[in-house]
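# Summary of the model geometry
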Amino acid sequence: DVKVTQSSRYLVKRTGEKVFLECVQDMDHENMFWYRQDPGLGLRLIYFSYDVKMKEKGDIPEGYSVSREKKERFSLILESASTNQTSMYLCASSFRTGPIQETQYFGPGTRLLVL
Amino acid sequence: DQQVKQNSPSLSVQEGRISILNCDYTNSMFDYFLWYKKYPAEGPTFLISISSIKDKNEDGRFTVFLNKSAKHLSLHIVPSQPGDSAVYFCAALIQGAQKLVFGQGTRLTINP
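So, here's what we can say about the structure. Quick caveat, the model's predicted, so the values are computed rather than measured.

## Focus: the overall build of chain B
In terms of regular secondary structure, chain B is built from zero helices and eleven strands. For chain B, the α and β elements follow one another from N to C terminus as β-β-β-β-β-β-β-β-β-β-β. Relative to its length of 112 residues, chain B is compact, with a C-alpha radius of gyration of 13 Å against a globular reference of 13 Å. For the C-alpha atoms alone, the extent of chain B along its principal axes is close to 40 × 30 × 20 Å. Within chain B, buried positions represent 46% of all 112 residues. The contacts in chain B between residues at least 6 apart in sequence include a share of 56% that link residues at least 24 apart. Only carbon and sulfur atoms are counted for the fraction: they give 49% of the accessible area of chain B, which is about 5300 Å².

## Points about the interface of chain A and chain B
Taken together, the contact between chain A and chain B spans 22 residues of the former and 19 residues of the latter. A buried area of about 1700 Å², summed over both sides, lies between chain A and chain B, and 57% of it is on carbon and sulfur atoms. Counting every contact that joins chain A to chain B gives zero salt bridges. Taken together, chain A and chain B are joined by three residue pairs in polar contact (both at pLDDT 80 or more).

## Overview of the environment of F65(B)
Residue and element names in this part refer to chain B. With respect to the helices and strands, F65 occurs in strand β7 (residues 62-67). Spatially, the C-alpha atoms of F65 and L11 are 18 Å apart, while their sequence positions differ by 54 residues. Ignoring sequence-local partners within four residues, the contact set of F65 consists of D55, K56, H72, L73, S74 and H76.

## Digging into the sheet that holds strand β1 (residues 4-5) of chain B
Residue and element names in this part refer to chain B. Within the open sheet, the five strands sit side by side as β1-β3-β8-β7-β6. Their pairing is antiparallel. Only two strands of the sheet have a single partner each, and these edge strands are β1 and β6 (56-59). Bridging between β1 and strand β3 (residues 19-25) involves two bridges; their strand directions are antiparallel. Within the sheet, the bridge partner assigned to K5 lies in β3 and is D24.

## Looking at the state of the cysteines
What is meant by a disulfide is a covalent connection between two cysteines, made through their sulfur atoms. One pass over the structure, following the stated rule, counts two disulfides over all chains. At a sulfur-sulfur separation of 1.9 Å, the disulfide partner of C23(A) is C91(A). Measuring handedness by torsion sign, the sulfur bridge of C23(A) and C91(A) sits at about -75° and is left-handed. With a gap of 68 residues between them, C23(A) in strand β3 (residues 19-25) and C91(A) in strand β9 (residues 87-94) connect regions that are remote in the sequence. Residue class for C23(A) comes out buried when judged on its relative accessible area of 0%. A sulfur-sulfur distance of 2.0 Å marks the disulfide that ties C23(B) to C90(B). The disulfide joining C23(B) to C90(B) has a torsion of about -70° about its S-S bond and is therefore left-handed. Of the two residues, C23(B) sits in strand β3 while C90(B) sits in strand β9 (residues 86-93), which places them 67 residues apart along the sequence.

## Focus on the pairing of strand β4 (residues 31-38) of chain A
Residue and element names in this part refer to chain A. Counting buried residues along β4, eight of its eight residues qualify, which places the element largely inside the surrounding structure. Burial of the side chains of β4 extends over both faces: N31, F33, Y35 and Q37 are buried on one face and M32, W34, R36 and D38 on the other. Connecting β4 to the antiparallel partner strand β5 (residues 42-49) that follows it, the hairpin turn spans three residues, and G40 within it adopts a positive phi of roughly 80°.

## Remarks on the pattern of salt bridges
As enumerated under the stated definition, the model contains nine salt bridges over all chains in all. Notably, a salt bridge pairs E58(B) with K56(B), separated by 4.0 Å at the nearest N-O pair. A relative accessible area of 51% places E58(B) in the exposed class. Given a relative accessible area of 42%, K56(B) falls into the partly exposed group. With its nearest N and O atoms 2.8 Å apart, the salt bridge here joins R61(B) to D84(B). Taken together, the residues span a long stretch of sequence, with R61(B) in the loop between β6 and β7 and D84(B) in the loop between β8 (72-77) and β9 at a distance of 23 residues. Taking the relative accessible area as the measure of exposure, D84(B) reaches 2% and is therefore buried. Salt bridges linked by common partners bring R36(A), D38(A) and R44(A) together as one network.

Criteria and cut-off values
- Residues numbered from 1 in each chain as written.
- Chains lettered and ligands numbered in written order.
- Predicted model: local features only at pLDDT ≥ 70, side-chain atom pairs only at ≥ 80, totals over all residues.
- Heavy atoms only, no water.
- Helix = DSSP H or I, 4+ residues; strand = E, 2+ residues; numbered from the N terminus.
- Rg over C-alpha atoms; globule rule 2.2 N^0.38 Å.
- Buried < 20%, exposed > 50% of the residue type's maximum accessible area, 1.4 Å probe, protein only.
- Contact = heavy atoms within 4.5 Å.
- Areas by Shrake-Rupley, 256 points an atom, 1.4 Å probe, with all protein chains shown as cover.
- Buried area = accessible area lost by both parts, 1.4 Å probe.
- Salt bridge = Lys/Arg side-chain N within 4 Å of Asp/Glu carboxyl O.
- Polar contact = N/O pair within 3.5 Å; in protein donor to acceptor, adjacent residues only side chain to side chain.
- Pairing = 2+ DSSP bridges.
- Disulfide = S-S within 2.5 Å.

Written out as structure tokens, the structure reads:
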């Protein structure tokens, strides 16, 4: 059974703080993703990684960075949190190849509030 | 530029009846489509998918239909049950591209 865990379910931070969101998966997946979910906008891809130390920008990378030092762990970093980054953040992982290669498995999400 | 659109933010259906959720896409290069279901305070979970070489895929109470000429897909749930109340996301991709493109989601409410 695939498990994707996220370090926090809820976070409250101040404007300007550096914020780290951690994601760990236990299925040896090559791909890992960070999304944010906002009402009326669906899931928007922030960054993804298809291998250790590899990263690619998604649709809305501004204000974010990522780190993937180990295959199972993918971190999202808000360098200087702003109120417009208040959102639900979802991590996902998937295999790169296989019959259902594009099925992504999601973590439970981190609801971030920036004051 | 929203490449995958779910134009109905919400849908309310009576228990036991059919639920039909719709999704439109603009990129003709998409060749694989998925539906995810999301409960509050949980991450989305994969529900059903369809390749562009098919026009229908069925899994129990869930059936996805694909109309490539109209760039439209739909998810049918028959019969609808209270546990089906959730937000449903349509997603599309170009196989090999690794990235999913999601729609805005439709909140389905099944009334007893």
